[in-house]
Structures are given as structure tokens and as C-alpha cells.
Amino acid sequence: MAGGARRYNTLPHRPTLQAQRSFSIGAMFSEVSESSTSAGRREAQREAPSKPPAPALLLRTSEKEPPPYGAQHRQDALWEGGNEALPPRWFQYKVSDEIHYQDDTLTMVSWDRPLPGVRLDEPGDLVVPEWEWHISPLGRSYFVDHNTRTTSWKKPKPERPAGSLAPECIIEGHSECIWSLAYLKASCNVMSASEDSSIRQWKRDGEPVGKPWYDDGGGIHSIAVSPDDTTVVSGSEDGRLRLWSIKEDSMIGEPWEGHDAAVRCLDWSPNALEIASGSEDGTIRRWNPDTGRQIAPPIKTKHDWVNAVKYSPQGDEFISGGKGAICVWSRDGKLLIEMKGHDDTVTSLCWSKDGGHIFSGSLDDTIRKWRAIDGKELVVLRGHTSPIRSFCLTPDERYIVSASNDYSVRIWDLRTNEAVGDPLLHDDQIFAVAISPDGKYIASAGPDKKIYVWSLKAALERYQGADDGNVKLKGRPAQPRVILNVQTAQYRRLDRAKISSLIIQIVPQLRQRIHPF
């Protein structure tokens with residue numbers, strides 16, 4: 001871009017009846033899946049998953065090996081239409097007059113038109129340094145590893161450190177990426193919504209509860225459970241909302257129509273008399289759950305896509321986030337406050353229980369705390385190395401649990417405003433996170449189609465135990481741990497000699513701390 005301006009992150013875009021929708025959120029990836037459903041599934045008329053893949057997809061996957069290392073030079077495309085056409089299962093859309101290109105197999109977005117020999121990622125997009133994203137002459141994405149001078153069909157993932165905390169359970173069942181998670185209060189079962197057009201309920205040990213709920217509106221991007229635990233509202237790619245009965249295991253009535261593009265977020269009012277929805281059409285709409293009708297004119301925001309909407313605990317206000325400022329709205333739709341501070345799109349929001357504070361997560365890799373009454377920024381939490389996709393408060397409001405594109409879930413102590421313990425690691429990016437109502441378990445999920453269930457207690461005990469060990473070893477209060485962030489070093493282009501020099505400087509300091517006399 002001209003003048004060295006930053007290229008803002010963009011999230012995947014799903015084609016529906018609407019062409020070229022606007023959106024601006026961080027790049028999201030998923031593993032190549034040879035068993036993915038046909039390309040036509042993402043069109044307005046959905047096809048059954050059992051339908052054979054389209055010929056174009058067969059052409060893509062007929063390559064056994066990716067192009068070798070060193071073959072990343074300009075050459076003609078061999079897919080149908082050649083250089084003048086997009087590869088199979090690619091499409092383009094605009095964001096603020098900028099064209100974006102998406103590989104719908106991998107759910108990866110590029111600023112550059114896909115052609116053999118063109119690097120498709122931006123520096124820092126891929127979590128592992130020294131990798132690049134390219135496309136083969138037949139139109140299949142592959143990755144170049146400059147560390148080993150090899151290529152692979154699979155996107156890179158960081159190595160899991162020895163001794164990392166393992167999840168209590170990994171739940172599998174969805175056939176495509178998982179966009180949204182929500183817990184039920186009474187049973188502490190977790191609900192999941194996926195691009196495979198299904199909503200599923202699971203016990204903590206991974207046992208499915210009841211049958212999956214399917215709709216015909218495409219991928220389901222958001223779900224929210226009613227305060228009384230009886231119903232679930234969902235928002236889909238077709239722009240419609242649907243209400244589901246948990247007891248009856250089925251949809252209630254007909255879909256609710258109003259949005260002109262996919263629904264990205266949902267929330268129930270505390271008294272369960274309203275539902276708010278935010279969409280890619282840039283509007284917030286409020287609905288009567290008993291009738292499925294809108295109760296007020298739509299609010300046209302400046303967010304581009306509305307990625308988050310949350311009612312205040314008192315129900316007299318609600319907040320929204322997306323591109324630009326966080327907005328606080330009165331119940332009658334009047335804009336009260338704009339909170340500015342994030343350097344990129346807001347993806348997730350929540351209130352404190354007393355309504356005094358607002359928390360936000362963003363593609364700028366930070367979580368921020370704001371004073372609700374005047375919008376003053378109070379705290380910035382830094383530690384993730386990629387965009388924040390989702391976060392939530394624990395029931396006692398002691399901790400924030402966040403999920404990021406950097407493949408990690410992190411726990412933040414709001415008394416110290418610091419991350420506690422080691423990151424909880426996935427094998428891919430994480431799009432959704434939720435905390436159980438009893439505060440014992442964390443559920444996280446994303447494009448690898450799996451739900452990871454973690455013990456919050458185990459994660460905290462592991463951290464506190466490490467600190468206790470430091471106290472015993474040193475005979476004095478635990479000291480802050482010195483961490484050499486190799487990833488940061490990579491971004492700053494430090495060579496091995498400089499890194500070695502840093503280590504030489506740090507080691508004596510560590511020895512002095514352990515043996516001060």
C-alpha cells in the first residue's frame with residue numbers, strides 16, 4: 001500500500017446471495033481438508049455433504065506433492081480460465097474499496113490476486129516465522145518453509161513446548177470450522193455452532209446430547225442462550241435468525257428476516273424480552289423473541305461489519321464493536337458514547353456485572369478495559385501476538401480468558417492486569433472461547449473443527465505451583481520471570497549473534513537472582 005500504510009487484517013468472507021460484502025477483520029486460516037464438502041455448499045442453495053466434489057475441486061486435489069522449494073517463480077496458471085480467472089473455490093470481495101481474495105478451502109484471505117509465483121501472505125500472518133503462502137499452477141494453496149527449504153500442503157503450526165498443559169477433553173463431531181460457543185447454566189453443557197450449518201450440544205466429557213440442529217441458511221456464525229436456559233438464538237450466513245427449543249431439540253417457528261447480509265453476533269437482554277443482532281450489513285437490529293419481529297428501526301453503524309453487541313447488565317444500554325470506535329447506545333437507539341483507542345477492528349465485547357466497566361478485544365492483539373460512564377480507557381492487556389478473536393470474564397470476574405489467532409488461550413488476572421500461567425495451546429487458530437457457569441472449565445474452538453475443554457483450576461494451580469516453587473528455591477518472594485521472546489526477536493530481524501548476546505546478558509542476572517550472595 002502507498003506510503004507504507006498498514007494493511008489491516010481481514011477475516012474470511014463467506015459467499016451467500018449477497019455479492020461483495022464489506023468486512024475488515026484478521027486473517028483466519030484452517031487446515032486443508034480433503035473431506036470438506038463441495039464448493040456449492042457455500043452458495044445460496046446448499047447441497048448435501050454427500051454430493052461428490054465439483055470437477056474443479058477434483059482438479060485441485062489431484063496434485064500429490066506441492067511444487068518443490070525454489071519453484072516459487074512467476075508462471076502461467078493452469079486452472080480453468082488461466083491467469084484471467086480465479087482458482088477453483090476462490091472468490092473476491094471488497095473492503096473499503098480494497099479487493100480481498102479468499103481461498104474457501106483453507107478459509108484464508110489474501111490482499112494479492114492468487115497467481116503462481118505470488119506470495120499471498122503478509123509478514124507476520126503465519127504464526128511460524130520464515131514460512132510463506134503460495135498457490136500451485138493447478139490452483140491449490142501450499143506453504144514454503146525457508147527454515148528447512150521444503151514445501152507442504154499444510155499450513156505451519158508452532159511446536160508445543162514440553163510439559164504444556166493438556167486439555168481435559170477434545171470434542172470432535174463438526175465437519176467444518178466452529179464459529180461460536182455458549183454454555184448452559186443448569187447442566188454446564190456446551191453448545192457449538194459451525195460452518196457445517198449445525199448446532200450441537202455436548203457434555204463436558206464430549207458425549208453428544210440430543211441430535212444436531214441443522215438449518216438451511218449456511219454456516220452458523222453466532223449463538224446465544226436465553227437467560228432462562230430454555231432457548232437458543234442463532235445467526236446464519238443467509239442473514240436470518242432462528243430460535244431453537246432446547247427441550248424439544250428443534251427450531252421454533254420460521255426464520256426471522258431483516259438483515260441484508262450474514263449475522264455476526266447476538267445477545268439477549270437480561271430480562272429475555274429482547275434479542276440484539278449485528279450483521280455484515282453494518283446494522284444492529286432488535287427483536288421480540290416471542291414474535292420474531294423487530295421492535296425498533298435498525299441502527300445503521302459505522303462499523304462496516306458489526307462483530308459484537310452486548311446489553312448492559314441493567315438492560316438500559318447496549319454496546320457494539322467493529323471497525324472504528326466502540327459505541328454505547330441507549331435503549332431507544334441513541335448514540336451515547338464513542339470509545340476510541342484500539343488500532344484495529346474490535347471483535348469481542350463484554351460488561352462487568354455492575355455495569356461500571358466495559359472490556360474489548362481487537363485485531364490489534366490487545367484487550368482493553370474502559371470506564372462505562374465516560375468511555376475512558378483504563379487498562380491495556382498485551383501478550384497475544386496475533387488478533388484477539390474472542391474473550392470472556394470468569395463468573396467471579398477475577399480473570400479474563402481470551403482466544404487468539406496465535407493458537408493460544410490466555411488467562412489474565414484483573415487484579416494485576418497480567419497474564420497468568422502458560423498459554424493453553426491449540427494446533428490452529430482459535431475463533432471462540434467460553435467459560436462454564438460454575439467457573440471450572442474453559443471451552444475453546446476454531447477452524448480445526450474441535451472443541452478443547454480445559455480445567456481453569458489446573459491452569460491456575462500450575463501457575464501458582466510454579467510461583468510457590470520459586471519462593472522455596474529463592475527463600476524470598478518470587479521474582480518476575482525473564483522471558484526471551486524469540487518470536488519478537490524474529491519480527492525485529494535480530495540475528496543469531498544478537499540473540500546469543502542477549503542470552504549472555506540475561507544468564508548472569510538469573511544467577512544473581514537465584515544466588516544473591
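Here's a quick rundown of the structure. These numbers were taken from a predicted model, which means no experiment stands behind them.

Regarding unusual backbone geometry
- The backbone phi angle of arginine 149 is positive, close to 60°, even though this residue is not glycine.
- When you line up the elements, arginine 149 lands in the loop between strand E5 (141–145) and strand E6 (150–152).
- Within the chain, lysine 449 stands out as a residue other than glycine whose phi angle is a positive 70°.
- With respect to the helices and strands, the residue lysine 449 is situated in the loop between strand E34 (441–445) and strand E35 (450–455).

Considerations on the pairing of E5
- Burial within E5 is extensive, with five of its five residues counted as buried.
- Neither face of E5 is left uncovered, since the one carrying Ser141, Phe143 and Asp145 and the one carrying Tyr142 and Val144 both have all their residues buried.
- Direction of pairing for strand E4 (residues 131–135) relative to E5: antiparallel, over a ladder of five bridges. Counted as the bridge partner of glutamate 132 is valine 144 from E5.
- Joining the antiparallel neighbours E4 and E5 is a turn of five residues, in which glycine 139 adopts a positive phi near 95°.
- In this structure, E5 lies alongside E6, joined through three bridges in antiparallel fashion. Bridging across to E6, valine 144 finds its partner in threonine 151.
- Here E5 folds back onto E6, and the loop between the two strands holds four residues, one of which, arginine 149, carries a positive phi near 60°.

Quick notes on the pattern of salt bridges
- Summed over the entire model, instances satisfying the criterion amount to 20 salt bridges.
- Taking the shortest distance from any N to any O, the salt bridge between aspartate 428 and lysine 155 comes out at 2.7 Å. Pair noted here: aspartate 428 is in the loop between strand E32 (418–425) and strand E33 (432–435) and lysine 155 is in the loop between E6 and strand E7 (169–172), with a separation of 273 residues, a long-range link.
- Among the salt bridges present, the one from arginine 240 reaches glutamate 257, with a minimum N-O distance of 3.4 Å.

Examining the nonpolar core
- Counting residues in hydrophobic clusters, the biggest one holds 18 residues, and the most contacted among them are Val401, Ile411, Leu424 and Ile442.
- Elements with a minimum of two residues in this core: strand E30 (399–404), strand E31 (408–413), E32, E33, E35 and helix H2 (456–474).
- If near-sequence neighbours (up to four positions away) are discounted, valine 401 is found in contact with Ser390, Phe391, Cys392, Thr394, Val409, Arg410, Ile411, Val433, Ile435 and Ile442.
- Tyr101, Leu126, Val128 and Trp133 belong to the second-largest nonpolar core, a separate cluster that totals 15 residues.

Quick word on the sheet that holds strand E12 (residues 220–225)
- Across the sheet, four strands lie side by side as E12-E13-E14-E15; this open sheet has antiparallel pairing. The sheet is open, and its two edges are formed by E12 and strand E15 (250–256), each paired on a single side. In this sheet, neighbouring strand axes are inclined to one another by 20° on average, regardless of whether the strands run parallel or antiparallel.
- Of the pairings in the sheet, the one linking strand E14 (residues 241–245) to E15 comprises four bridges and is antiparallel in character. Note that in E15 the partner of leucine 243 across the bridge is isoleucine 252.

The rules behind each value
Residues numbered from 1 in each chain as written. Predicted model: local features only at pLDDT ≥ 70, side-chain atom pairs only at ≥ 80, totals over all residues. Heavy atoms only, no water. Helix = DSSP H or I, 4+ residues; strand = E, 2+ residues; numbered from the N terminus. Buried < 20%, exposed > 50% of the residue type's maximum accessible area, 1.4 Å probe, protein only. Pairing = 2+ DSSP bridges. Salt bridge = Lys/Arg side-chain N within 4 Å of Asp/Glu carboxyl O. Core = buried A, V, L, I, M, F, W, Y, C linked by side-chain atoms within 4.5 Å. Contact = heavy atoms within 4.5 Å. Axes fitted to C-alpha atoms, helices over the stretch in contact; angles between N-to-C directions.

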